Amino acid sequence: MMMIREEKLLTEKEASDYFGWSIYTTREIRKRGEIDCIRFNKRTIRYTTEQLEEYKKRHLRAAA
């Protein structure tokens, strides 16, 4: 039997809170293609914790 991991999808507000920056910053980073997201339609954008952690790893690696 295959196990499917169920993960909460975060809104842009929740993703912004995760990093401690404004929702506008999150949107700009997404629009530049620097962070992955799940797009359900033009207005419904969600993020997984895994996507946020991956962005954090890439960002920290680039700054080091």
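Keep in mind that this is a model prediction, so the values were computed, not measured.

Let us look at the overall build of the protein. Along the protein, the regular secondary structure elements total 3 helices and 2 strands. Going from N to C terminus, the protein has its helices and strands arranged as α-α-β-β-α. Within the protein, the proportion of its 64 residues that are buried is 22%. Expressed as a percentage of contacts within the protein between residues at least 6 apart in sequence, the contacts between residues at least 24 apart total 46%. For the protein, the accessible surface area stands at approximately 5200 Å², while carbon and sulfur atoms represent 54% of it.

It is possible for side chains bearing opposite charge to pair when their charged atoms get close. Applying the stated criterion across every chain, the model contains 7 salt bridges. For Arg30, the salt bridge is made with Glu12, and the minimal N-O distance between the two is 2.7 Å. One end of the pair, Arg30, is in helix H2 (residues 23-31); the other, Glu12, is in helix H1 (residues 12-19), with 18 residues separating them in the sequence. Asp17 is the salt-bridge partner of Lys13, the closest N and O atoms lying 2.9 Å from each other.

What counts and what doesn't
- Residues numbered from 1 in each chain as written.
- Predicted model: local features only at pLDDT ≥ 70, side-chain atom pairs only at ≥ 80, totals over all residues.
- Heavy atoms only, no water.
- Helix = DSSP H or I, 4+ residues; strand = E, 2+ residues; numbered from the N terminus.
- Buried < 20%, exposed > 50% of the residue type's maximum accessible area, 1.4 Å probe, protein only.
- Contact = heavy atoms within 4.5 Å.
- Areas by Shrake-Rupley, 256 points an atom, 1.4 Å probe, with all protein chains shown as cover.
- Salt bridge = Lys/Arg side-chain N within 4 Å of Asp/Glu carboxyl O.

Scope: geometric values only; no functional claims are made or implied.
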